[in-house]
Amino acid sequence: MRSATVFPDGPVKIAGQELSGPYYEKAAPVVEMLVAKAGYRLAVWLDRVVEAYQAKNPNWAQEVRPLHELDVSDSEMGSEYDEQEFFSGEL
């Protein structure tokens, strides 16, 4: 079980401790694989979202602008956008 590798005695036991040495050597490959798998699942999900959008919108290519033409400023995010709040994960 992956949690037995990453949290062998539960997350409370490693709270406040430096995670290095044998723990890191054992847990890092498991965590890296979990992150890689999550990235793959996200990519598959995004592909499906785009495919569904394209199926419903046959003229989708006319709506797409090159990335360098996009201007995403704070004003476009709306007045409720707060960068500190966004990056703190409290939105």
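Fair warning: this is a prediction, and the values are worked out from it, not measured in the lab.

Thresholds, definitions, all that
- Residues numbered from 1 in each chain as written.
- Predicted model: local features only at pLDDT ≥ 70, side-chain atom pairs only at ≥ 80, totals over all residues.
- Heavy atoms only, no water.
- Helix = DSSP H or I, 4+ residues; strand = E, 2+ residues; numbered from the N terminus.
- Buried < 20%, exposed > 50% of the residue type's maximum accessible area, 1.4 Å probe, protein only.
- Areas by Shrake-Rupley, 256 points an atom, 1.4 Å probe, with all protein chains shown as cover.
- Expected span 1.5 Å × (residues − 1).
- Bend = angle between axes of the 7 residues up to and from the residue.
- Patch = residues over 30% accessible without salt bridge, like charges linked within 9 Å, V, L, I, M, F, W, Y side chains within 5 Å.
- Salt bridge = Lys/Arg side-chain N within 4 Å of Asp/Glu carboxyl O.
- pLDDT = per-residue confidence, 0-100.

Observations regarding the overall build of the protein chain
Within the protein chain, the secondary structure is distributed over six helices and zero strands. Moving toward the C terminus, one meets the helices and strands of the protein chain in the order α-α-α-α-α-α. Within the span of the protein chain, comprising 91 residues, buried residues form 7% of the whole. Only carbon and sulfur atoms are counted for the fraction: they give 58% of the accessible area of the protein chain, which is about 8,200 Å².

As for helix 3 (residues 21–56)
With 36 residues, helix 3 should reach 52 Å at 1.5 Å per residue; the first-to-last C-alpha distance of 52 Å fits that figure. Of all the bends in helix 3, the greatest reaches close to 35 degrees and is centred on Ala27; the proline Pro29 follows between one and four positions later.

Looking at a nonpolar patch on the surface
A grouping of Leu42, Trp45, Leu46 and Val49 is seen on the molecular surface, where their side chains present a nonpolar patch of about 390 Å² in accessible area. Relative to the helices and strands, Val49 is located in helix 3. With relative accessibility at 38%, the residue Val49 sits in the partly exposed group.

Quick notes on the confidence of the model for the protein chain
A residue-level look at the protein chain finds 73% of positions with pLDDT of 70 or above and a mean pLDDT of 77. At the level of individual helices and strands, the protein chain shows its lowest average pLDDT in helix 5 (residues 74–77), which scores 50, and its highest in helix 3, which scores 91.

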